[in-house]
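Survey of secondary and tertiary structure
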2 protein chains.
Amino acid sequence: MIRVSIIGSGNVAFHLATAFEAAEQTELLQIVARNPQNNFPKLSNRTIHSVQDLALADVYLIAVSDDAIAEVAASLPFSGRLVAHTSGTVAVSAIDAKNRRGVFYPLQTFSKSKPVSFSEIPICLEADMPQDYELLLQVATAISEQSYKINSEQRKSLHVAAVFASNFTNHLYSIASEICDEHQLSFDILKPLIAETANKIQTLNPTQAQTGPAIRNDNKTIEAHLKLLTDENHKTIYRILTQSIQHGKKL
Amino acid sequence: MIRVSIIGSGNVAFHLATAFEAAEQTELLQIVARNPQNNFPKLSNRTIHSVQDLALADVYLIAVSDDAIAEVAASLPFSGRLVAHTSGTVAVSAIDAKNRRGVFYPLQTFSKSKPVSFSEIPICLEADMPQDYELLLQVATAISEQSYKINSEQRKSLHVAAVFASNFTNHLYSIASEICDEHQLSFDILKPLIAETANKIQTLNPTQAQTGPAIRNDNKTIEAHLKLLTDENHKTIYRILTQSIQHGKKL
């Protein structure tokens, strides 16, 4: 059993703790919730409130906000142990060099209210030393079917790509929902379309999967759409994404 | 059995024909492929090449490109019958008034290569006369579990919303894929994230589901992302969508 302790009490910490608890090859040793109110009812016997109380584990995962990682890593009362953070944007070097350093970044969007199946979540791994990489790989394999070796530079780019593929995409869903509301249309009508659009690119290259008036150069429809849109912000986004579909690809 | 004939030989015509062929309450009577090369191998015994050969059916569906609908409707060699087009953008009035007019718009993204389960596709219906609406509703119910009464004005807005929710969303997938390529990252890493982002809004309101640096006002990450992006077009889209998430909602 690989003993894993988690420092943090947000969504990522919560979902990771639950996954390690359920996995056969890992033991969730302790979880540090600095705020005593952030308790995990099911894990209360292993919840501690200060890093000073951390026992000896094989891996410590720091799952706190990006800005707090360096400070938390520096505050750890031990050295020479394997400490990895779970952030998509922070370099591995943010972890105090007194410990062996790594990254354990699960690439998914987490909501506390929605259960997550970790087995399908890709985990991006990095470590200063090969044997630590192997240990992180074992921990990742215990909870997920997909892990990738990704260095700090690549991970930053991957995070940008994820912002386009997830955060910005969700914002387009919001705009679509607003347009529906304005015209007394149920957003439910669009849900099968949204599901199929995401489903298509599981097998098709997204550039090949592109449909719609922009790629068809259907200027009559594009003009009609721009006239219909009343929100200046929506008009700007419509124009820029249409242009990007039509001319963005210079390859 | 409701006898349905289809005029057109593109993706929508093909998928509709297949669905009516399989449904118990409908009979696919004829399908008009003007170009003799656009044959449907499995439906070849019912494929004709001219509207002049159309037999008496209960409903005629015009599934051709938006620009051709008026011309095709005017060319029909009969009058007083129920004729509906399948377009999201064209008004019901584009159909020649010599026939009874309607709209039968399946809201989904169709690729010829990918099979489609019609039962989950919402069909947006409109008809000049109540009894024709009832007939279209029966035809829709024969192949789908969801149909909606949507007038021509609403349908135009719904189509704009669909462009945001599907075409523009797919383009963001393309950009994410390009960023991955540039940094020797497999686009596969992002696929579970894309699936979960689309899955979330099946139950959560997309505005509530918003995550990422923009909604958190995490300017440090936003600046770092803008620095990382090398393509000016990607930078512009990143900036505008970030601003829209942060300031677009004045409600």
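The structure reproduced in this document is the subject of the present report. (Residues numbered from 1 in each chain as written. Chains lettered and ligands numbered in written order. Predicted model: local features only at pLDDT ≥ 70, side-chain atom pairs only at ≥ 80, totals over all residues. Heavy atoms only, no water.)

This part is about the pairing of strand E6 (residues 100–106) of chain B. Residues and elements named next belong to chain B. Buried residues dominate E6, accounting for six of its seven residues. Bridging between strand E5 (residues 82–85) and E6 involves four bridges; their strand directions are parallel. Following the sheet pairing, histidine 85 is matched in E6 by valine 103. As judged from the five bridges shared by E6 and strand E7 (residues 123–127), these two strands associate in the antiparallel manner. Among the inter-strand pairings, valine 103 is bridged to a residue of E7, identified as glutamate 126. (Buried < 20%, exposed > 50% of the residue type's maximum accessible area, 1.4 Å probe, protein only. Helix = DSSP H or I, 4+ residues; strand = E, 2+ residues; numbered from the N terminus. Pairing = 2+ DSSP bridges.)

Let us now look at the interface of chain B and chain A. You'll often see interface size given as the accessible area lost when the parts meet. Taken together, the contacts link 86 residues of chain B with 86 residues of chain A. A buried area of about 8100 Å², summed over both sides, lies between chain B and chain A, and 66% of it is on carbon and sulfur atoms. Inspection of the chain B/chain A interface yields two salt bridges. With its nearest N and O atoms 3.3 Å apart, the salt bridge here joins aspartate 67 of chain B to lysine 220 of chain A. Mapped onto the side of chain B that touches chain A, the elements with two or more residues apiece are helix H4 (152–182), helix H5 (191–200), helix H6 (206–209), helix H7 (219–228) and helix H8 (232–247) of chain B. Considering every element that reaches the side of chain B that touches chain A, the biggest residue donor is H4 of chain B, with 26 residues. Partitioned by chemical class, the residues of the side of chain B that touches chain A number 41 nonpolar, 33 polar and 12 charged. (Contact = heavy atoms within 4.5 Å. Buried area = accessible area lost by both parts, 1.4 Å probe. Salt bridge = Lys/Arg side-chain N within 4 Å of Asp/Glu carboxyl O. Nonpolar A, V, L, I, M, F, W, Y, C, P; charged D, E, K, R; others polar.)

Further remarks concern helix H1 (residues 11–22) of chain B. Residue and element names in this part refer to chain B. With 12 residues, H1 should reach 16 Å at 1.5 Å per residue; the first-to-last C-alpha distance of 17 Å fits that figure. Among the residues making up H1, those that are buried are Ala13, His15, Leu16, Ala17, Ala19 and Phe20. Packed against the buried residues of H1 are strand E1 (2–7), strand E2 (26–32), strand E4 (59–62), E6 and helix H3 (130–143). (Expected span 1.5 Å × (residues − 1).)

A separate point is the side chain of glutamate 126 of chain A. All names here are of chain A. Structurally, glutamate 126 can be placed in strand E7 (residues 123–127). A polar atom in the side chain of glutamate 126 sits 2.9 Å from the side chain of serine 152. A polar side-chain atom of glutamate 126 sits 2.9 Å from a polar atom in the side chain of arginine 155. In this structure glutamate 126 touches Val92, Gly102, Val103, Tyr133, Leu136, Ile150, Asn151, Ser152 and Arg155, once residues within four positions along its chain are discounted. (Polar contact = N/O pair within 3.5 Å; in protein donor to acceptor, adjacent residues only side chain to side chain.)

The next subject is the nonpolar core. If you look at the biggest cluster of nonpolar residues, it comprises 76 residues, and the most contacted ones within it are Phe164, Leu172 and Leu190 of chain A together with Phe164, Leu172 and Leu190 of chain B. With near-sequence residues (within four places) excluded, phenylalanine 164 of chain A lies in contact with Thr169 of chain A together with Leu172, Ile175, Ala176, Ile179, Leu229, His234, Ile237 and Tyr238 of chain B. Judged by nonpolar contacts, the second largest core, of 32 residues, contains Ala17, Val59, Ile123 and Leu135 of chain A. (Core = buried A, V, L, I, M, F, W, Y, C linked by side-chain atoms within 4.5 Å.)

Here the focus is the sheet that holds strand E1 (residues 2–7) of chain A. All names here are of chain A. Taken in spatial order, the eight strands line up as E3-E2-E1-E4-E5-E6-E7-E8 in an open sheet, and their pairing is mixed. Each having just a single partner strand, strand E3 (47–48) and strand E8 (147–149) make up the two edges of the open sheet. In the sheet, E1 pairs with strand E4 (residues 59–62) via four bridges, with the strands oriented parallel. For isoleucine 7, the partnering residue across the bridge sits in E4 and is isoleucine 62.

Our next topic: the pattern of salt bridges. Here the structure, examined in full by the defined rule, presents 18 salt bridges over all chains. Linking arginine 3 of chain A and aspartate 58 of chain A is a salt bridge whose minimum nitrogen-to-oxygen distance equals 3.2 Å. Of this pair, arginine 3 of chain A sits in strand E1 while aspartate 58 of chain A is found in the loop between E3 and E4, placing the two residues 55 residues apart along the sequence. Exposure remark for aspartate 58 of chain A: the relative accessible area of 24% places this residue in the partly exposed category. Here arginine 101 of chain B and aspartate 128 of chain B are joined by a salt bridge, their closest N and O atoms 2.9 Å apart. One end of the pair, arginine 101 of chain B, is in strand E6; the other, aspartate 128 of chain B, is in the loop between E7 and H3, and 27 residues separate them in sequence. Note on arginine 101 of chain B: relative accessible area 18%, which makes it buried.

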